[in-house]
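Residues per chain are reported as follows:
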Amino acid sequence: LEKKAVFIDLFAAETGFALSEILYLLDGKLRPFIRERITYELHRRIIHSFESENCGWETSDNNWSAVCAGSVAAAFMYTAPERFDNVKHRIESAMACFLSGYGDDGVCREGLSYWTYGFGFFVYYAQLLREFTQGKINLFENEKVKAIAKFQQRAFLQEGVILSFADTNTDRNIYSKGLTFFLKEIYGNEITIPPESCADTLDSDNCHRWATFIRSLTWGVASKNHGNIEKETVYFKNAQIFIAKKDGFSFAAKCGSNDEPHNHNDIGNFVFVQDHKQIFCDIGMGEYTKEYFSADTRYDLLVNSSRGHSVPIINGLYQKEGNKFCGSVLSVDE
């Protein structure tokens, strides 16, 4: 029971981030017993737990490493700054694993929803680290980080319609104001902010994540930088995704393999968008259930199997999952 109580998963880490930041902001205004209980739980569940044993997500190349490591780092920087140096190398290693899940083209193969989640927490961490080290460590100078930052604007195919490959939540065709405005401040004209109609609100997150909420409240102030969806044709070589945004329509297609983060068996899949809706569609993510994440049943579900995508069905056979099932892009043109 004790081991379970101090296990650091996504929500435990996020809660540690939230409580440590609230404690820092309101330390002199909290009643002593509240402050003492928060401090006790932060040390028991996050500080001591992380110092005592390694976590599986430290070598993960998906959103877990960014969310968990970034949140743990925040808890240390706010609550036990004198001990941060003892774990800094593990945090850095976890963040390097997170970035390794992206190619140099900056595409989030998990889908835009996970870009907002995973990369969002990476940005929150990087901003705190830059302040904590008085500017000596600035992860925003990394060229891959800049490329990742530009993925969102390219994934908006039309106003209110996003690239829905992998486990993208197609019900959330919005962007995080706080995250996006902050990236605009960092990278200037290289970041394009989608139309204001696509912006989130303070209650858009059904999990009501503190880190996202407080930054949308403070970073997401009124801006005149809202724009339109930029017309462009781009091919992402690492992810093997093609996007063409034209007057009146947008088109996107993917190759890749069937061994991707939040994988769907969808090599050759494409979408066609017109009048702010998908005409040839990709469903995006399905309902998150035990079966959805089971290797034995995931591809029995319509959403994840080839049956749920615009791909060829040859002699009644569907694509299989695994890295040996992959495609090759022979050429790219208009």
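Everything below is about the structure printed above this text.
So, a few notes on the structure that sits alongside this text.

Thresholds, definitions, all that
Residues numbered from 1 in each chain as written. Predicted model: local features only at pLDDT ≥ 70, side-chain atom pairs only at ≥ 80, totals over all residues. Heavy atoms only, no water. Helix = DSSP H or I, 4+ residues; strand = E, 2+ residues; numbered from the N terminus. Rg over C-alpha atoms; globule rule 2.2 N^0.38 Å. Buried < 20%, exposed > 50% of the residue type's maximum accessible area, 1.4 Å probe, protein only. Areas by Shrake-Rupley, 256 points an atom, 1.4 Å probe, with all protein chains shown as cover. Salt bridge = Lys/Arg side-chain N within 4 Å of Asp/Glu carboxyl O. Pairing = 2+ DSSP bridges. Contact = heavy atoms within 4.5 Å. Phe/Tyr/Trp six-rings, centres within 6.5 Å; stacked < 30°, edge-to-face > 60°. Axes fitted to C-alpha atoms, helices over the stretch in contact; angles between N-to-C directions. Left-handed = near helix turned anticlockwise from the far one by under 90°. Core = buried A, V, L, I, M, F, W, Y, C linked by side-chain atoms within 4.5 Å. Patch = residues over 30% accessible without salt bridge, like charges linked within 9 Å, V, L, I, M, F, W, Y side chains within 5 Å. Expected span 1.5 Å × (residues − 1).

Observations concerning the overall build of the protein
Right, on to step 1. When helices and strands are tallied, the protein shows 10 helices and nine strands.
Right, on to step 2. A compact globule built from 334 residues should have a C-alpha radius of gyration of about 20 Å, and the protein, at 21 Å, falls within 12% of that.
Right, on to step 3. The principal-axis extent of the C-alpha atoms belonging to the protein is close to 65 × 50 × 35 Å.
Right, on to step 4. The buried share of the protein, taken over its 334 residues, is 50%.
Right, on to step 5. For the protein, the exposed area adds up to about 16,600 Å²; of that, 52% sits on carbon and sulfur atoms.

Focus on the pattern of salt bridges
Right, on to step 1. Taken as a whole and judged by the stated rule, the model has 20 salt bridges.
Right, on to step 2. Linking E14 and R209 is a salt bridge whose minimum nitrogen-to-oxygen distance equals 3.1 Å. Taken together, the residues E14 in helix 2 (residues 10–26) and R209 in the loop between helix 9 (177–187) and helix 10 (210–218) connect sequence positions 195 residues apart. Each member of the pair, E14 together with R209, is buried.
Right, on to step 3. For K88, the salt bridge identified is with E92, shortest N-O distance 2.7 Å. You can see K88 and its partner E92 sitting in helix 5 (residues 84–100), four residues apart, about one turn around the helix.
Right, on to step 4. Connected via shared salt-bridge partners are R37, E41, R44 and R45.

Brief notes about the pairing of strand 5 (residues 249–254)
Right, on to step 1. Examined bridge by bridge, strand 4 (residues 241–245) and strand 5 share five bridges and lie antiparallel to one another. Bridged to F242 within strand 5 is A253.
Right, on to step 2. Taken together, strand 4 and the strand that follows it, strand 5, pair antiparallel across an intervening segment of three residues, in which G248 is found at a positive phi of about 90 degrees.
Right, on to step 3. Of the strand pairs in this sheet, strand 5 and strand 7 (residues 270–274) are connected by five bridges, and their pairing is antiparallel. Across the sheet, A252 pairs through a bridge with V271, a residue of strand 7.

Observations regarding the environment of D61
Right, on to step 1. With respect to the secondary-structure elements, D61 resides in the loop between helix 3 (32–52) and helix 4 (63–79).
Right, on to step 2. For D61, a relative accessible area of 38% gives the class partly exposed.
Right, on to step 3. Sequence separation of D61 and Y235 is 174 residues, and the distance between their C-alpha atoms is 23 Å.
Right, on to step 4. Discounting residues that sit within four places of it in the chain, D61 has contacts with C97, F98, S100 and G101.

Overview of the packing of aromatic side chains
Right, on to step 1. Counted under the stated rule, the structure contains 23 aromatic pairs.
Right, on to step 2. Measuring from ring centre to ring centre gives 6.1 Å for F17 and F121, while their planes differ by 80 degrees; the resulting arrangement is edge-to-face. Here F121 lies in helix 6 (residues 112–132) and F17 lies in helix 2, a separation of 104 residues in the sequence. Each member of the pair F17 and F121 is classed as buried.
Right, on to step 3. Here the aromatic cluster, defined as three or more aromatic residues joined through ring pairs, consists of F17, Y117, F121, Y124, F140, F182 and W219.

Re the packing of helix 2 against helix 6
Right, on to step 1. Helix 6 packs onto helix 2 with a crossing angle of 35 degrees between their chain directions and a minimal axis gap of 14 Å. The way helix 2 lies across helix 6 gives a crossing that is left-handed. Residue-level inspection shows L10, F11, E14, F17 and E21 of helix 2 in contact with helix 6, the latter providing Y117, F121, Y124 and L128.

Points about the nonpolar core
Right, on to step 1. Among the nonpolar cores identified, the biggest contains 76 residues, and F50, W115, F119, F122, L163 and L183 are the most heavily contacted of them.
Right, on to step 2. Once you skip the residues sitting within four places of it in the chain, F50 turns out to touch I8, C55, W57, E58, V72, F76, V87, R90 and I91.

Brief notes about a nonpolar patch on the surface
Right, on to step 1. A contiguous nonpolar patch, built from Y24, L25 and L26 and spanning about 320 Å² of accessible area, is present on the exposed surface.
Right, on to step 2. Its location among the elements puts Y24 in helix 2.

Re helix 5
Right, on to step 1. Spanning 17 residues, helix 5 covers 23 Å between terminal C-alpha atoms, matching the ideal 24 Å at 1.5 Å per step.
Right, on to step 2. Where helix 5 is concerned, the buried positions are F84, V87, R90, I91, A94, M95, C97, F98 and L99.
Right, on to step 3. Taken together, the buried residues of helix 5 touch helix 3, helix 4, helix 6 and helix 7 (143–149).

A short note on the side chain of K254
Right, on to step 1. For K254, the location among the structural elements is in strand 5.
Right, on to step 2. The buried category is assigned to K254, whose relative accessible area is 7%.
Right, on to step 3. Those residues within four positions of K254 in sequence are excluded, and the remaining contacts are F165, Q240, I241, E260, D266, I267, G268 and N269.

Topic: unusual backbone geometry
Right, on to step 1. Despite not being glycine, A166 shows a phi value in the positive range, around 60 degrees.
Right, on to step 2. Position of A166 relative to the elements: it lies in the loop between strand 2 (161–162) and helix 9.
Right, on to step 3. With a relative accessible area of 7%, A166 lands in the buried category.
Right, on to step 4. The phi dihedral of Q240 is positive, around 60 degrees, even though this residue is not glycine.

Worth remembering: the numbers are spatial, not functional.
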